[in-house]
Amino acid sequence: MFAFMLSVLSMQAGDITMIVNAFKEGKATENMNFMDSEVDIAVPGTSTKVSGADAVVLLNSFFDSIKPTGFTVLHQADKNDTGFLVGKLTSNSGEYRVNITYGTKENKVLIQSIRIE
């Protein structure tokens, strides 16, 4: 039974701690290494598919406009090499719901989509 549980835990997509911390601090550039080559991103006023670098630029612009003060993970699920999280981003201008999907490639977590509402 212990071996089975250990194998299930090892199937998780990856550690998202750095991604969560970057959202807590409002520092999108810290997520640059976690962006996939293309990212679907939706922030208030914009919804597009862009390169990982451009996703960081859009996220930085959004963070600059709202001044994040915290981020809490409400739900997270992983299966094999994919996962998602739902979080609450708090800021000087209110609260936002954040949905992030990610996958792993060569044991590295890569953000595939970000939706902020």
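Preceding this paragraph is the structure being described.
These remarks concern the structure in this document. What you are looking at is a predicted structure, and each value in this text was computed from that prediction instead of being measured. (Residues numbered from 1 in each chain as written. Predicted model: local features only at pLDDT ≥ 70, side-chain atom pairs only at ≥ 80, totals over all residues. Heavy atoms only, no water.)

Right, let's get into the nonpolar core. Among the nonpolar cores identified, the biggest contains 28 residues, and Phe23, Leu59, Ile100, Ile114 and Ile116 are the most heavily contacted of them. Among the elements of the structure, α2 (17-25), β1 (35-43), α3 (52-66), β4 (82-91), β5 (94-105) and β6 (108-116) are those that each provide at least two residues to this core. Looking at which element gives the most residues to this core, the answer is α3, with six residues. Setting aside its immediate chain neighbours within four residues, Ile116 contacts Phe23, Ala42, Val43, Pro44, Leu59, Phe62, Tyr96, Arg97 and Val98. (Core = buried A, V, L, I, M, F, W, Y, C linked by side-chain atoms within 4.5 Å. Buried < 20%, exposed > 50% of the residue type's maximum accessible area, 1.4 Å probe, protein only. Helix = DSSP H or I, 4+ residues; strand = E, 2+ residues; numbered from the N terminus. Contact = heavy atoms within 4.5 Å.)

So, about the pattern of salt bridges. With the rule as written, the count across this model stands at four salt bridges. As a salt-bridge pair, Lys49 and Glu38 come within 3.8 Å of each other at their nearest N and O atoms. Of this pair, Lys49 sits in strand β2 (residues 46-51) while Glu38 is found in strand β1, placing the two residues 11 residues apart along the sequence. For Glu38, a relative accessible area of 48% gives the class partly exposed. Residue Glu95 pairs with Lys88 through a salt bridge whose shortest N-O separation is 3.8 Å. (Salt bridge = Lys/Arg side-chain N within 4 Å of Asp/Glu carboxyl O.)

Keep in mind these numbers describe shape, not what the thing actually does.
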